[in-house]
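# Observations on the three-dimensional arrangement
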Amino acid sequence: MRGAIAAGHPLTAEAGGRVLRAGGNAVDALLAAAFTAFVTEGPLTGPAGGGLLLVHEHGGETTLLDCFFAAPATRLGEMDEVLIDFEDAGTQVFHVGDGSVAVPGLLAGLEEAHRRFATLPWANLVEPALELARHGVVCDEPRAFLHRILAQILLRDEEGQRVYGNPARVVTDDLCPTLERIRDTGSEAIAELLPEFQDDLASYEVSARAPLEANLLGCRVFAAPEPSRGGRIVLEILESLAGAGSPSLHDEARALQLAYGASASGLLTGTTHVSVVDASGTAAGLSSTLGSGSGVFRGGAQLNNMLGELDVIGVGLRAPGTRLPTMLTPTLVLEDERPRLILGSAGSVRLAGAIAQVAWNVLRWSAPVAKAIDAPRMHVEGSTLHLEGGIADDAELRLPDSWEIVRWAGLNLYFGGVQAVELRSDGTLAAAGDPRRGGAGLVVT
């Protein structure tokens with residue numbers, strides 16, 4: 001089937017592209033890509049991950065499947081602190097270890113999406129990931145950088161050292177039996193990795209939620225509701241920009257400032273996103289994460305550290321089974337009731353601003369998705385305005401003195417990692433991944 005897919009790794013996108021070529025729909029392609037990302041993007045997503053999955057059915061409804069993390073009845077153990085050096089983004093303290101692991105919902109969410117929307121057998125969609133895991137993955141430059149800065153987490157235990165100990169190659173043999181169990185038993189496989197959470201997993205339910213919605217520039221824009229905080233921020237930024245008509249740099253900064261409020265600071269955690277649209281008009285987007293990863297490996301897969309993401313979830317106690325908050329927000333734009341744009345981003349709290357800025361470039365300025373993603377971005381923390389490299393040197397002259405400007409030298413992963421696909425009114429498809437994080441887009445004709 002004709003379609004377009006964008007993902008956080010070229011091999012992730014190619015796995016979904018092969019499914020489209022074989023006649024699968026957008027959800028089939030997304031599922032194959034999601035499983036493949038367990039192999040290619042293991043520091044960011046995996047069987048012990050959580051996520052939000054948005055699906056628009058051709059001529060039908062738009063549904064948000066909440067498969068994010070839940071609080072466990074009992075923690076696995078204690079948390080440790082590690083100091084990670086993000087080089088030009090500074091150092092940050094992460095909380096990892098057994099006590100940081102939350103109840104994962106990603107596999108249950110993928111299974112629910114398959115039951116509701118897919119057309120190809122589950123086992124067929126897991127097979128591309130399994131085939132790749134048997135051979136391992138060569139590290140390209142974005143992955144080598146990521147693995148280097150996360151080395152204290154990825155190499156924390158012996159199993160992680162087997163997977164990430166070779167800087168040039170991810171060795172994924174240990175993941176093969178896990179993927180085989182996923183292929184054969186579906187979401188039941190996660191209980192085998194986390195038997196301590198057996199009761200928590202048995203009571204976990206994927207929630208189908210109505211997305212947030214706004215009418216902007218003649219389009220309907222859908223974003224994630226609670227437990228996401230990011231969906232509201234995306235819509236508020238876009239509403240402010242649309243109200244300003246042709247906003248100045250100051251207007252754009254104020255839109256981010258007002259939408260974020262006190263929620264603009266956060267760690268550089270690991271997330272990835274897949275966006276797919278097919279020629280029939282079905283569209284799907286999945287944002288998934290392990291947090292920064294716990295440094296605890298089982299079955300070749302890293303467990304999450306979402307109980308350690310204190311900048312997002314806070315420090316208070318949570319009742320067992322309650323969903324943890326997140327900034328993730330797969331986002332959809334409908335124009336004349338057809339999918340015009342579907343996108344999502346990595347980047348912790350900054351991902352909402354990244355999504356809004358890319359969507360604005362496409363919808364207001366008719367920028368192709370690749371140019372919209374490549375365009376320099378900003379982020380606001382209180383009165384501090386971060387300007388990515390590429391914004392005009394004289395831009396500061398047009399800003400009030402109330403802004404404290406932080407200039408960045410070039411494009412940087414601090415400003416997110418957006419993956420987006422579009423279906424234009426003339427039927428043309430396009431896809432683009434974010435160069436800040438080694439993303440890739442692919443069009444199947």
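I will try to describe carefully the structure that is included in this document. Since the model is a prediction, treat every value here as computed from it, not as a measurement.

### Points about the sheet that holds strand β18 (residues 384–387)
Pairing in this open sheet of three strands is mixed, and the strands run β17-β18-β19 from one edge to the other. Two strands in the sheet have a free side with no partner beyond their single neighbour: β17 (378–381) and β19 (404–407). The sheet shows a mean angle of 20° between the axes of neighbouring strands, direction not considered. The pairing of β18 with β19 spans four bridges and is classified as parallel. Across the sheet, the residue bridging to His386 is Val406, located in β19. Together, β17 and β18 form the strand contacts of helix α12 (residues 249–260), whose direction differs from that of β17 by roughly 50°.

### Examining the environment of Val206
Here Val206 is to be found in the loop between α10 (198–203) and β8 (207–209). For the pair Val206 and Cys67, spaced 139 residues apart in sequence, the C-alpha separation works out to 5.3 Å. Beyond its immediate chain neighbours, meaning those up to four positions away, Val206 contacts Leu65, Asp66, Cys67, Ala108, Gly109, Glu112 and Arg323.

### So, the sheet that holds strand β9 (residues 212–216)
In space, the six strands of this open sheet follow the order β9-β10-β15-β16-β20-β21, with antiparallel pairing throughout. Across the chains shown, the open sheet's two edge strands, defined by having one partner strand only, are β9 and β21 (429–432). Taking each pair of neighbouring strands and ignoring which way they run, the sheet shows an average axis angle of 15°. Sheet analysis places strand β16 (residues 338–346) next to strand β20 (residues 417–423), joined by six bridges and oriented antiparallel. Following the sheet pairing, Gly344 is matched in β20 by Gln419. Where helix α11 (residues 230–244) meets the sheet, its contacts fall on β9, β10 (219–223) and β15 (331–335), and the angle it forms with β9 comes to roughly 10°.

### Quick look at the side chain of Asp434
Within the fold, Asp434 resides in the loop between β21 and β22 (440–444). Ignoring sequence-local partners within four residues, the contact set of Asp434 consists of Ile373, Arg377, Gly416, Gly417, Val418, Gln419 and Gly439.

### With respect to the side chain of Glu388
If you trace the backbone, Glu388 turns up in the loop between β18 and β19. Judged by its relative accessible area of 0%, Glu388 falls in the buried class. Separated by 2.9 Å, the side chain of Glu388 and the backbone nitrogen of Arg377 make a polar contact. Ignoring sequence-local partners within four residues, the contact set of Glu388 consists of Ala375, Pro376, Arg377, Trp408, Gly410, Leu411, Asn412, Phe415 and Arg436.

### Some words on the packing of aromatic side chains
In this structure the tally under the stated criterion is seven aromatic pairs. Geometrically, the ring pair formed by Phe35 and Phe38 is edge-to-face, given 6.0 Å between the ring centres and 80° between the ring planes. Separated by three residues within a single helix, Phe35 and Phe38 lie in helix α2 (residues 26–40), roughly one turn from each other. Among the residues examined, Phe35 registers a relative accessible area of 0% and is labelled buried. With relative accessibility at 5%, the residue Phe38 sits in the buried group. Judged by centre distance (4.6 Å) and plane angle (25°), the ring pair of Trp408 and Tyr414 falls under stacked. Owing to a relative accessible area of 13%, Trp408 belongs among the buried residues under this scheme. Among the aromatic side chains, those forming a connected cluster through ring pairs are Phe35, Phe38 and Trp122. The ring of Tyr414 is capped by Arg350, whose NZ or CZ atom sits 4.2 Å from the centre of that ring. Between the NZ or CZ atom of Arg364 and the centre of the ring of Trp365, over which it lies, the distance is 4.3 Å.

### Overview of the packing of helix α1 (residues 10–21) against α2
For the pair α1 and α2, the least separation of the axes is 7 Å and the interaxial angle reads 150°. On the basis of their axis angle, the class for α1 and α2 is roughly antiparallel. When the axes of α1 and α2 are compared, the crossing they make is right-handed. Here Leu11, Thr12, Ala15, Gly16, Val19 and Leu20 of α1 lie close against α2, whose contacting residues are Ala26, Asp28, Ala29, Ala32, Ala33, Thr36, Ala37 and Thr40. Residue composition of the contact of α1 with α2, grouped by class: nine nonpolar, four polar and one charged.

### So, empty space enclosed by the protein
Throughout the structure, instances matching the rule amount to five cavities of 30 Å³ or more. Looking at the largest cavity, its volume works out to about 130 Å³. Surrounding the largest cavity, 16 residues form its lining, Thr269, Thr271, Val312, Thr326 and Met327 being those nearest its centre. Only β11 (270–278) and β12 (283–291) provide two or more residues apiece to the lining of the largest cavity. Taken together, the residues that form the lining of the largest cavity break down as eight nonpolar, seven polar and one charged.

### Brief notes about the layout of surface pockets
By volume, the largest pocket amounts to about 420 Å³. Lining the largest pocket are 26 residues, and of these Pro142, Leu146, Leu413, Arg436 and Arg437 sit closest to its centre. Looking at the lining of the largest pocket, the elements that each hand over two or more residues are α5 (141–149) and β11. Considering each element in turn, the lining of the largest pocket owes the most residues, six residues, to α5. Looking at the lining of the largest pocket residue by residue, the classes come out as 11 nonpolar, 10 polar and five charged.

About the criteria used
- Residues numbered from 1 in each chain as written.
- Predicted model: local features only at pLDDT ≥ 70, side-chain atom pairs only at ≥ 80, totals over all residues.
- Heavy atoms only, no water.
- Pairing = 2+ DSSP bridges.
- Helix = DSSP H or I, 4+ residues; strand = E, 2+ residues; numbered from the N terminus.
- Axes fitted to C-alpha atoms, helices over the stretch in contact; angles between N-to-C directions.
- Contact = heavy atoms within 4.5 Å.
- Buried < 20%, exposed > 50% of the residue type's maximum accessible area, 1.4 Å probe, protein only.
- Polar contact = N/O pair within 3.5 Å; in protein donor to acceptor, adjacent residues only side chain to side chain.
- Phe/Tyr/Trp six-rings, centres within 6.5 Å; stacked < 30°, edge-to-face > 60°.
- Lys NZ or Arg CZ within 6 Å of the ring centre and 35° of its normal.
- Parallel < 35°, antiparallel > 145°, perpendicular 65-115°, else oblique.
- Left-handed = near helix turned anticlockwise from the far one by under 90°.
- Nonpolar A, V, L, I, M, F, W, Y, C, P; charged D, E, K, R; others polar.
- 1 Å grid on protein atoms, 1.4 Å probe; cavity = no way out; pocket = protein on both sides within 12 Å on 5 of 7 lines; lining within 4 Å.
- Points joined across faces, edges and corners; volume = space filled by probe spheres on them.

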